[in-house]
Amino acid sequence: MSGITHKQAIRLIHRRLDGLLNGNQLLSLEEHLRSCDSCRAYAAEMDLLPTRLQNEFHTRWDKKPGPSQKVTEHVMTKARRIPMANRIASGIKLFAGVAALVALGFLINLVFSQLRNPSPATIGIETAITSTQSNSGLIAFTSTQDGNSDIYTIYSDGRGLTNLTNNPAEDVTPVWSPDGKRIAFVSNRDGNDNIYVMNADGSELTRLTDDTAPDTVPVWSPDGTKIAYASGDVKKNNTNIYVMDSNGQYRRQITDHTPKASAWPAAWSADSQFVLFEGRQQIIQVNVNDGNVTPITPQTNEDILVNYVAANDGSILSYLTQCNEISGGFCYRLWLIHRDGTQQELLATLKTPELCEAKQTGYWMGAFAKWSPDQTKILFAFTCEENGWLYIANANGSDFKSLTSYPILGNGPQNEVVTFDWSSDGQSVVFMSALDSPESESLYTLNVNDALQNPDLRPIQLNTSVSQISSVVWQPVSAPKLADNSPNLIVDPQSCRPFSDPSFDLRPPSQLYGYEPIRGTSFIDGDFSYEFWLYCDPSLKPDDPNHYSAIAGLGIYASWQYTGPEVKGASQYYYEFEPNVPLGTTGWNGPLNEASAGGKFGIDISETTAQAYLQQGTPIQFRVIVDSHLGQNGATLSFDLEPTESGLRVADLQVNPLNDSYQGLIAFTAAIENGNLDIYTMHPDGSGLTNLTNNPAHDVNPVWSPDGKRIAFESDRNGFTQIFLMNSDGSNVVQVTDGEADHLFGNSNPWSPDGSQLLFAERGLGEEKWVIYVIDANGNSKIRLASEPANYSSLSWSPNGEYIAFVSNDPHNQEVLRMNIVDIDGKNLTDITKLLNKNERLDSFQYGWSHDGQSIFFIAYRHIDEGRDQWIAYEASLDNNQFMERAISSTPMDSWWEGTSFIREFDLSTLTWLRSNGTYSMLKPLEHCQSANGPQYGFLAKRSSNGNLLISVNCPNDDIWLYYATSDGTLIKQLLDSPLSDEDFKLSGLVWSPDDKFIALDIFSSNRTDMYVLNVSEALADPSIQPLRITLGGGAPTYYGTPSWQPTP
Amino acid sequence: MDYHWIELCRVGDSSAIEHFVQTYQQDVYRLALSILDDSTEAEDATQDSLLAALRSLDSFRGVSSLTTWLYSITINICRTHLQRRKRRERLIKILGGILRIYHTRQPSVEELAIHNESNETLWKAIHNMDEKHRIPIVLRYYHDLSVAEIANILRIPEGTVHSRLNTARRLLHGVLKEGNS
C-alpha cells in the first residue's frame, strides 16, 4: 500500500493538477491509484477536466476578433501623452486630459451649453460660505514618506502637506487635544518610546514623559487637562495605565495588573474622571483619582470585543463585538450598557455576508468602528481579502448600509490596515485607501451625507504617493461664525459686462469693466473659505481670424484687518478659472498678531495665463477664494476686496507673423469643431487655418509627400481604418488601401523617397498581429514585406529607397526587440540583431541610415555582469550583414551620428557628446529646473536632417527649456532665456521643418493642447525670442497634434 | 535589463509607447475578454488598462514580470467593470419591473456557431461561478498560467490560488457528472 489515505489521495490529485507535487508525493499517489479503483476513476475524470475547460474557453473566445482599430487608435493617441503627464499631480486632472478625446462630442455639448447658458447664480459677483467648511481643519497622520515615520498634517482640502516632526526617529500615533491646538504623539527620539506634545504647526515641542519603560497610546481627557497612556513592555504583555496632566506633571500609575495582563487606555468617560480599558474581554473603568477598578461589561468568551465609546453624558456606553461564529459569514453585534454595568442591551446584529464571504482567508479581514463626534452614527471599516468597504449605521444600530456602491478602500499594499476618522462636525470622513492606484495609498475625504444620497459619489483624494499612512486623526474645530455686524456682500451683476464692442485694444478696467469693491466682510473664529465669482464674455472678432479679444488679466487686492490673540498659519488667497482649475496661491501664512494687524495682498492673474484658458467667443468665469485658518481663539478677521490698477482687462490680441516665415504649410490633426478629429493646414505663423477633411470620421496623422503636393492620412470613414491621399487643399481624395482590415503608418513616414509608394502595417479582421506592406500610391501592387507574427514599429525607408527597416518583438520574448531589414520587393528579410552577442540586445527604437542607404546605425545594450553594463553604437552593413562597433559607453547612449556618441544619463543630469577623437562636450540640462528634486523629467531630443539636435527638458515644475546642439556637440546653446512655462505644461512632440530652420512644438497640459513654432536660427541669435503659439489654446475637448511640415522646392 | 525600453516609455519616447501598446494590447484584450466575456466591454477595459499601466509605469519596479504587472492592472480594471455591470443589471432589473422593459437580443450568427460547439452545461457553471473562483480558472486553463503566476497576478498566496482552483474544479466536476447522469 502507498501509505496514504483516500482523503490524502484526493488532495494530491488536486495538487497534481496544479503541478504542486514533489517526487515523493507523486510516487505515493501513483502507488495509491494503482490499488484504488475509485480514486483512479476520480483522477481520470479530473485529468479530463482541464482539457474540457480549455476547449470550452478556446471555442468561446478564440473566434472573437481582437480589439477594433478604434481601440488601438484611442489608446495610442492618448498614450502618447501619458508618460510625461505622469507628473501631473492630480489623477483627476490627468484623466480629464487624456479622456478629452474620448468624450469630445459629449463634453463639447455639455461644456458649451453650460457656458452659453450660465445660471443666474454665476453671473456677476457671488459670495457664499462654501460647503467645504463642513470638513474644515487639519488632518494629522503618520507616514514614512520621507524615509522614517513622521507626523504630518494636511488641510482637509488637500493643501499644505507639512511634516511636523521631521526627525530621524520614529514619530507615531498623533492625537489631537480636544481644542484642536495641540498634538500628543509617541517618539523614540530620546532612546525609547516617550510621549511628546506639540502645537498644531509643530512648534513648542515638549517631552512629557521620560520613563525607561516605553510610554505609548496617549489619550486626551475630554476636558483637555489630562493624558492617559500605557507604560510598560508591550512585547511582554506587561503594561499599565498611567495618567498625567497635559503638561507632563503629576504622572501616576492607575492600574496595577500582574504581568501577562496588559492594560492600555482606550477612552475616557465624558466627565474625565474614568479611563476605560479592555481586560480579559471586558470593558473596565478605573477611577483616575483613587485607582478603583470596576468592570462594566460581563466577561464573555463568545464574542470578541472590538471597540467601545461612552455616550455624551458618560452614563451609557455603546460597544461593538465581533461574533465568534465559524459559519454563516461574519457579523458584528452592537450593544448598549450603562456604566454601572446594568441594562445591557443588544441593539443590532450586523451581518455582512454580501460584503466579505465567509470562506475568504481570515488574515486579511478586519473591522473597525468609530462613533461620530456627536455619537449619532457609527462608521465601520471592513477590510476583506481583496478590498474594503465603509459602512454606516445609526448609533442604535438601525439603517446599517454601505456608504458607497463600490469598495472604497480598494486593494493596496496595506490593505489590512484601516485608518480613518470623522471630521469634528460629523459631516465627513477621512480615510486611507489605494483606490486610484493599487501601488500606493492616499488620503481621501468623503462627505457622509452626500454619499448617503449618492452611493456612486467618489471621494476626494488629498495627496498622492504618501507612503505607509497610519493613525489618521482629524483636528477638532468648531464651525466659523459670520460676524453679526458684517454687512451683506455687494453683488453687482453688471460689474463685468458681456463684451461686444470689438473696437477697443486695451481698456482700463475700472471705467467699463471693473467691479465694485467688496467691503467689510468679517469672520470670527474657525476655518473658513470665502469666494466670489466674476463672469465675462469676450468675443472673437468674427471677420478677422488674426484678431481675437480676450480677458487679458484680473487683479484684485485683499485688504485685511485682524484682532485677537496670535495664531499661526493664518490666511491665503487663491484663484481659479472655471472649470475649477486652481491657478495659483498668493497671500500670506505668517502669524496673525497685533504687530501684523492689517495688510494688503494682491492677486494678479497674468495676461498670458488668462489667454491660455480662453475659449474663443465663450464666456469665462473667475473664482477667487479666500481661505483662513483662525483657530479657536475669539479672533476676528475682516477684509475688503477691490480691483488693482490693472483690474479686469480686456485685450485685443493679434497673432504676430514670424519675421522669417516658412513658405510651406503645416498639416496637423485637430479637434476644433464639435470634437471631431480632422486634418487641418495652416501657415506656420498661425494664419489660414483650413479644415481639409471635414468628415465625421476620425481623420488623423497627416504626412506630406516628398514633393509637398499630396497628404497621406488615416481615416476610419469606411468602417476600417484605411490610408487615404489628398491634395494640399483637401481635393482629390483617394482611398489607397481597402478590405476588411485596418491600416496604419503610426509614427513613421510612409512615403518612399521618390513619393511613388507607401509603407504601412495592416491587420485583418480577426487577426491579432500586424503585417507590413508597401503599396503603390495609386493603390496597385501591394507587396507583403514581413509576415511572421510579431508587432512592428519604427518603420522607415532607406534614403535610396531600396530597403525597409523596422523594429519588432522577438516572438519568444516580447520584451526583446529586433531590428529587421527587408528589400522593398519583400525578399531577404533579415533580423540583423541575430548577429548580436548573447548578452546584447537592441536598446532603442531609434536608428539611422547612412546617406547612401547601405548601412544602418543602432544602439545595443550589453550586460556584462551585475552593475556592469555597456551601450554600443553599431553600424550594420547591408552588403554583408557585418557589424562594426563604432562607439562604446558605460552609460546609456541615446544615439550616434557620424562619429559622435550622444550619451544621456538616465537621470538626465548630464548629456555628453563623445567624439571619435576622444574629445567631448557636456550639457547639464537640469541646471535651470527650479525643482531639481522632482520625481521625473520629460526629455525629447530630435535630430534635424543634418543631425543637429533640438533638446527639450520638461522640469518637474512644468517649465520647458530648449537647447540646440550641432551633431558633434561642438556648439551647444540654450535657446530661450526664459522657459516655456505654464501649469501642467508638457512637451509631447518636436518636428523639424524640412529646411532645418524651424521646429514645431506639440505642447499639452491637462486642459488643452497647442502647437508652437520656433525659428531656430533666429532664436540662436536672440535668446529672448520665444516660440510663437499658432493655435488658440482651446481647452478640452479641443486638440491639436501630429504636425507635419510641407516640403517646399 | 530587457526592460530598458520601458524606461523610454517613462521618459515619453513616442515610439516606445507605440510599441508598448502594440506589444501588449492583444494579451490585455484576451485577458479582459476572458473575464468580461463581452467584446465591447473588453475593448473598454483594454483601453483603460493600457492607459492605467502607462500612467503608473513609475510604480513598476521590475519585481514581477511586466506581463504579470499588466495582468494585475487589467484584472483590477475588469473587476471594476464587473461591479459596474452588476449595478447596471440591478438597475435594469428594477426598471424592468417598474416599466415592464424587457430587452431581448437575437444572438449573432457567430454567437450561434459558438453556441453549437459549446458545452452549455459547463459554460453555465463557469459563468455562474463567483469571480473569486472563475478568474483563477480562466487564468489557469485559458491563459495557461501556473499557480505561482496566478498568485502573483492576483496578489494572493499560492495556497489560496490552489484552494480556489480546487473548489472550482470540484464544482465543475460535480456539474459535469450531474449532466452526464
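The rules behind each value
Residues numbered from 1 in each chain as written. Chains lettered and ligands numbered in written order. Predicted model: local features only at pLDDT ≥ 70, side-chain atom pairs only at ≥ 80, totals over all residues. Heavy atoms only, no water. Helix = DSSP H or I, 4+ residues; strand = E, 2+ residues; numbered from the N terminus. Contact = heavy atoms within 4.5 Å. Areas by Shrake-Rupley, 256 points an atom, 1.4 Å probe, with all protein chains shown as cover. Core = buried A, V, L, I, M, F, W, Y, C linked by side-chain atoms within 4.5 Å. Buried < 20%, exposed > 50% of the residue type's maximum accessible area, 1.4 Å probe, protein only. Expected span 1.5 Å × (residues − 1). Polar contact = N/O pair within 3.5 Å; in protein donor to acceptor, adjacent residues only side chain to side chain. Salt bridge = Lys/Arg side-chain N within 4 Å of Asp/Glu carboxyl O. Phe/Tyr/Trp six-rings, centres within 6.5 Å; stacked < 30°, edge-to-face > 60°. Lys NZ or Arg CZ within 6 Å of the ring centre and 35° of its normal. Pairing = 2+ DSSP bridges. Axes fitted to C-alpha atoms, helices over the stretch in contact; angles between N-to-C directions. Parallel < 35°, antiparallel > 145°, perpendicular 65-115°, else oblique. Left-handed = near helix turned anticlockwise from the far one by under 90°. pLDDT = per-residue confidence, 0-100.

**Comments concerning the overall build of chain B**
Across its full length, chain B carries nine helices and zero strands. Walking chain B from its N terminus toward its C terminus, one meets helices and strands in the order α-α-α-α-α-α-α-α-α. For chain B, restricting intrachain contacts to residue pairs at least 6 apart in sequence, the fraction spanning at least 24 positions comes to 63%. Here chain B has roughly 8000 Å² of accessible surface; of this, 51% comes from carbon and sulfur atoms.

**Some details on the nonpolar core**
Among the nonpolar cores identified, the biggest contains 92 residues, and A:Leu53, A:Phe57, A:Ile856, A:Phe858, B:Phe20 and B:Leu172 are the most heavily contacted of them. The residues touching A:Ile856, leaving out its near neighbours within four places in the chain, are A:Ala805, A:Met819, A:Ile821, A:Ile832, A:Tyr847, A:Gly848, A:Trp849, A:Tyr874, A:Glu875, A:Ala876 and A:Leu878. In terms of nonpolar packing, the next biggest core, distinct from the first, is built from 20 residues, A:Leu975, A:Leu990, A:Ile999 and A:Leu1001 among them.

**Side note on helix α3 (residues 39-55) of chain B**
For an α-helix the count is 3.6 residues per turn, leaving residues at separations of three or four pointing the same way. Residues and elements named next belong to chain B. In this model, α3 (17 residues) spans 24 Å end to end at C-alpha, consistent with the 24 Å of a helix rising 1.5 Å per residue. For α3, the buried fraction is high: twelve of the 17 residues fall into the buried class. Inspection of α3 places Glu41, Ala42, Glu43, Ala45, Thr46, Gln47, Ser49, Leu50, Leu51, Ala52, Ala53 and Leu54 among the buried residues, and these make up the whole buried set. Two or three places before Thr40, at the start of α3, stands the capping residue Asp38, its side-chain oxygen 2.9 Å from that residue's backbone nitrogen.

**Thoughts on the environment of A:Thr910**
All names here are of chain A. Looking at where Thr910 falls in the secondary structure, it is placed in the loop between β59 (900-904) and β60 (911-915). With a relative accessible area of 10%, Thr910 lands in the buried category. Each C-alpha atom, one on Thr910 and one on Pro925, is 6.6 Å from the other, the two residues being 15 residues apart in sequence. If near-sequence neighbours (up to four positions away) are discounted, Thr910 is found in contact with Ile903, Arg904, Glu905, Met922, Leu923, Lys924 and Pro925.

**As for the side chain of A:Thr153**
Mapped onto the elements of the fold, A:Thr153 is located in strand β3 (residues 150-155). Accessibility expressed as a relative area gives 3% for A:Thr153, which makes it buried.

**Regarding the pattern of salt bridges**
Overall, the coordinates contain 18 salt bridges over all chains when judged by the stated rule. Put simply, A:Asp699 and A:Arg717 hold a salt bridge, and the shortest N to O gap is 3.0 Å. In this pair, A:Asp699 is assigned in strand β42 (residues 699-704) and A:Arg717 in strand β43 (residues 710-718), connecting sequence segments 18 residues apart. What makes A:Asp699 buried here is its relative accessible area of 0%. Between A:Glu840 and A:Arg862 there is a salt bridge, with its nearest N and O atoms 2.6 Å apart. Here A:Glu840 is found in strand β54 (residues 840-849), whereas its partner A:Arg862 is found in strand β55 (residues 855-865), with 22 residues between them in sequence. On the basis of relative accessible area, A:Glu840 is assigned to the buried category, the value being 4%. Where salt bridges share partners, they join A:Asp18, B:Arg140 and B:Arg169 into one cluster.

**Considerations on the packing of aromatic side chains**
All names here are of chain A. By the definition in use, this model includes 19 aromatic pairs over all chains. Both rings, one in Tyr874 and one in Phe883, keep their centres 5.1 Å apart while their planes meet at 35°; by these two values the pair is tilted. Over the face of the ring belonging to Tyr196 we find Arg189, whose NZ or CZ atom lies 5.4 Å from the ring centre. One Lys or Arg, Arg717, reaches over the ring of Phe724 and ends 5.0 Å from the middle of that ring.

**Some details on the sheet that holds strand β64 (residues 960-965) of chain A**
Residue and element names in this part refer to chain A. The strand order β62-β63-β64-β65 describes an open sheet built from four strands, whose pairing is antiparallel. With one partner strand each, in any of the chains shown, β62 (938-943) and β65 (972-974) form the two edges of the open sheet. Shown here is a sheet whose adjacent strand axes are inclined to one another by a mean of 20°, direction ignored. Where β64 meets β65, three bridges bridge the pair, whose relative direction is antiparallel. Bridging from a neighbouring strand, Tyr963 pairs with Gln974 of β65.

**A few points about the pairing of β55(A)**
Residue and element names in this part refer to chain A. With eight of its eleven residues buried, β55 lies for the most part within the structure. Strand direction decides the pairing type here: β54 and β55, joined by six bridges, are antiparallel. For Trp849, the partnering residue across the bridge sits in β55 and is Ile856. Between β54 and β55, which pair antiparallel and follow one another directly, the connecting turn spans five residues, one of which, Gly853, has a positive phi of 75°. Relative to strand β56 (residues 868-877), β55 runs antiparallel, the two sharing ten bridges. Bridge pairing links His863 to Asp869 in β56.

**Overview of unusual backbone geometry**
A negative phi holds for most residues other than glycine; trans holds for most peptide bonds. All names here are of chain A. Residue Asn166 is not a glycine yet carries a positive backbone phi of 50°. Within the secondary structure layout, Asn166 lies in the loop between β4 (162-163) and β5 (171-176). Even without glycine at this site, Asn701 takes up a positive phi of about 55°. As for its position among the elements, Asn701 is in strand β42. Assessed through its relative accessible area of 11%, Asn701 is described here as buried.

**Focus on the packing of helix α1 (residues 6-17) of chain A against helix α3 (residues 37-61) of chain A**
Angle between the axes and distance between the axes are the two parameters that describe a pair of packed helices. Residue and element names in this part refer to chain A. Following both chains from N to C, one finds α1 and α3 inclined at 20°, their axes separated by 10 Å at the closest point. Viewed along their axes, α1 and α3 adopt a mutual orientation that is roughly parallel. In this structure, the crossing between α1 and α3 has a hand that is right-handed. Facing α1, whose interface residues are His6, Ala9, Ile10, Ile13, His14, Arg16 and Leu17, α3 presents Cys39, Tyr42, Ala43, Met46, Asp47 and Pro50.

**Thoughts on the confidence of the model for chain A**
Close inspection of predicted coordinates is inappropriate in any region flagged by low pLDDT. Mean pLDDT over chain A stands at 72; residues scoring 70 or higher make up 67%. Between residues 357-365 of chain A, whose pLDDT stays under 50, and residues either more than four places distant or in other chains, the model counts 23 contacts.

**Quick word on the side chain of A:Asp959**
All names here are of chain A. The residue Asp959 is located in the loop between β63 (949-954) and β64 in this model. The class for Asp959 is buried, based on a relative accessible area of 8%. Those residues within four positions of Asp959 in sequence are excluded, and the remaining contacts are Gln930, Val953, Asn954, Pro979, Leu980 and Ser981.

**Concerning the sheet that holds strand β68 (residues 1009-1015) of chain A**
Residue and element names in this part refer to chain A. Spatially, β66-β67-β68-β69 is the arrangement adopted by the four strands of the open sheet, whose pairing is antiparallel. Edge positions in the open sheet fall to β66 (986-992) and β69 (1028-1029), since each of these has one partner strand only. The pairing of strand β67 (residues 998-1004) with β68 spans seven bridges and is antiparallel. Its bridge partner being in β68, Phe1004 is matched across the sheet by Thr1009.

**Quick look at the environment of A:Gly664**
Residue and element names in this part refer to chain A. Tracing the backbone through its elements, the reader meets Gly664 in the loop between β38 (636-654) and β39 (666-671). Placed 18 residues apart in sequence, Gly664 and Met682 show a C-alpha to C-alpha distance of 9.0 Å. Those residues in contact with Gly664 that sit more than four places away from it in its chain are His683, Pro684, Gln1046 and Thr1048.

**Some words on the environment of A:Asn192**
All names here are of chain A. Tracing the backbone through its elements, the reader meets Asn192 in the loop between β6 (182-187) and β7 (194-199). C-alpha of Asn192 to C-alpha of Asp211: the two residues are 19 residues apart in sequence and 8.5 Å apart in space. Residues contacting Asn192, with those up to four places away along its chain left out, are Ser187, Asp211, Thr212, Ala213 and Pro214. Within the local environment of Asn192, its side chain forms a polar contact with the backbone oxygen of Asp211, the two atoms lying 3.2 Å apart. From its side chain, Asn192 meets the backbone oxygen of Thr212 in a polar contact 2.6 Å long.

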